[in-house]
Amino acid sequence: MDKEYVIQLISLRIRMIRLEKGYSQDKMASIMGISKKTLVQIEKERVLAGWTSVIAVCALFRDSEILQSVLGDEPLEVIETIAHDGINRPKDKSMGGRVWWKEINSKGNFRMQQNIISQHYRILDDKNYRWFSSFDEEETAIRLNELFKTE
């Protein structure tokens, strides 16, 4: 999954997200910070949303079932991982991956999971804090070993 693919995924679903939330085109355009004309063009699939609009949708509508169905339970984590080309620091507390995640490996107080929708990987500690995210399985496995050795 890369930036262009996510832009396309979200662009094709902005109308459905708007309808899911019960917003008019005027209201949705205002929330996203774009003109109604631009929103209409996106909804009619004449243009793709810009990266900043995609980030806005993921941030402001992260609880959308439609958004979660294409990116998993934490859309912002996917966006952040893409934008920063991975995350390598203690981060937000997560729900622990009960629905959208499968456990790949665990070592000590850390576990490696893969999102079943976006396919990205992350490392959580035993309190469900996210320490690392990447689309690269090998890089994530290496980081899991490093974290295990430092505990």
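Just above sits the structure.
What counts as what
Residues numbered from 1 in each chain as written. Predicted model: local features only at pLDDT ≥ 70, side-chain atom pairs only at ≥ 80, totals over all residues. Heavy atoms only, no water. Helix = DSSP H or I, 4+ residues; strand = E, 2+ residues; numbered from the N terminus. Buried < 20%, exposed > 50% of the residue type's maximum accessible area, 1.4 Å probe, protein only. Core = buried A, V, L, I, M, F, W, Y, C linked by side-chain atoms within 4.5 Å. Contact = heavy atoms within 4.5 Å. Pairing = 2+ DSSP bridges. Axes fitted to C-alpha atoms, helices over the stretch in contact; angles between N-to-C directions. Parallel < 35°, antiparallel > 145°, perpendicular 65-115°, else oblique. Left-handed = near helix turned anticlockwise from the far one by under 90°. Phe/Tyr/Trp six-rings, centres within 6.5 Å; stacked < 30°, edge-to-face > 60°.

S.K.: Now, about the overall build of the protein chain: what can you tell me, with residues and values included?
M.R.: What the protein chain contains, in helices and strands, is eight helices and five strands. In the protein chain, the succession of α and β elements from N to C terminus is α-α-α-α-α-α-α-β-β-β-β-β-α. Expressed as lengths along the three principal axes of its C-alpha atoms, the size of the protein chain is roughly 55 × 25 × 20 Å. Here the protein chain, with 151 residues, has 46% of them falling under the buried criterion.

S.K.: Summarise the nonpolar core; cite the residues concerned and give the values.
M.R.: Counting 25 residues, the largest nonpolar core has V6, I10, I14, V54 and L71 as its most contacted members. Listed by contribution, the elements that provide at least two residues to this core are helix 1 (3-11), helix 2 (14-21), helix 3 (25-32), helix 4 (36-43), helix 5 (51-60), helix 6 (65-71) and helix 7 (75-83). Setting aside residues up to four positions removed in sequence, I10 forms contacts with V54, V57, C58, L67, V70 and L71. Membership of the second largest hydrophobic core comes to seven residues, among which are F110, M112, F132 and L147.

S.K.: Tell me about unusual backbone geometry, and name the residues and values.
M.R.: You will see that Q119, though not glycine, has its phi angle at about 70 degrees, which is positive. With respect to the secondary-structure elements, Q119 resides in the loop between strand 3 (110-115) and strand 4 (121-125). Judged by its relative accessible area of 38%, Q119 falls in the partly exposed class. Positive phi values are uncommon outside glycine, yet N128 reaches one of about 70 degrees. In this fold, N128 is placed in the loop between strand 4 and strand 5 (130-134).

S.K.: Hey, could you go over helix 7 for me, with residue numbers and the actual values?
M.R.: Within helix 7, seven of the nine residues are buried, which leaves the element mostly enclosed by the surrounding structure. Buried within helix 7 are the following residues: P75, E77, V78, I79, E80, T81 and I82. The first or second residue beyond helix 7 is D85, which carries a positive phi of 55 degrees.

S.K.: With reference to specific residues and values, describe the pairing of strand 5.
M.R.: Along a regular strand, successive side chains alternate from one face of the sheet to the other. Strand 5 sits mainly inside the fold: four of its five residues count as buried. Adjacent in sequence and paired antiparallel, strand 4 and strand 5 are bridged by four residues, among which N128 carries a positive phi angle near 70 degrees.

S.K.: An account of the packing of helix 5 against helix 7 is needed here, citing residue identities and associated values.
M.R.: Interaxial distance between helix 5 and helix 7 falls to 8 Å at its minimum, and their mutual angle equals 150 degrees. Classed by the angle they form, the pair helix 5 and helix 7 counts as roughly antiparallel. Between helix 5 and helix 7 lies a crossing of left-handed hand. In this structure, helix 5 contributes W51, V54, I55, C58 and A59 to the contact, and helix 7 contributes P75, L76, I79, I82 and A83.

S.K.: Give a description of the packing of aromatic side chains that names residues and reports values.
M.R.: Given two aromatic rings, one states the distance between the centres and the angle between the planes to describe the pair. Throughout the structure, instances matching the rule amount to two aromatic pairs. Centroid distance Y23 to F61: 6.2 Å. Interplanar angle 65 degrees. Geometry classified as edge-to-face. With Y23 in the loop between helix 2 and helix 3 and F61 in the loop between helix 5 and helix 6, this residue pair connects regions lying 38 residues apart in the sequence. Measuring from ring centre to ring centre gives 5.6 Å for F110 and W131, while their planes differ by 90 degrees; the resulting arrangement is edge-to-face. One end of the pair, F110, is in strand 3; the other, W131, is in strand 5, with 21 residues separating them in the sequence. Looking at F110, the relative accessible area reads 8%, which means it is buried. Judged by relative accessible area, W131 falls into the partly exposed class, the value being 22%.

These figures come from the coordinates and say nothing about function on their own.
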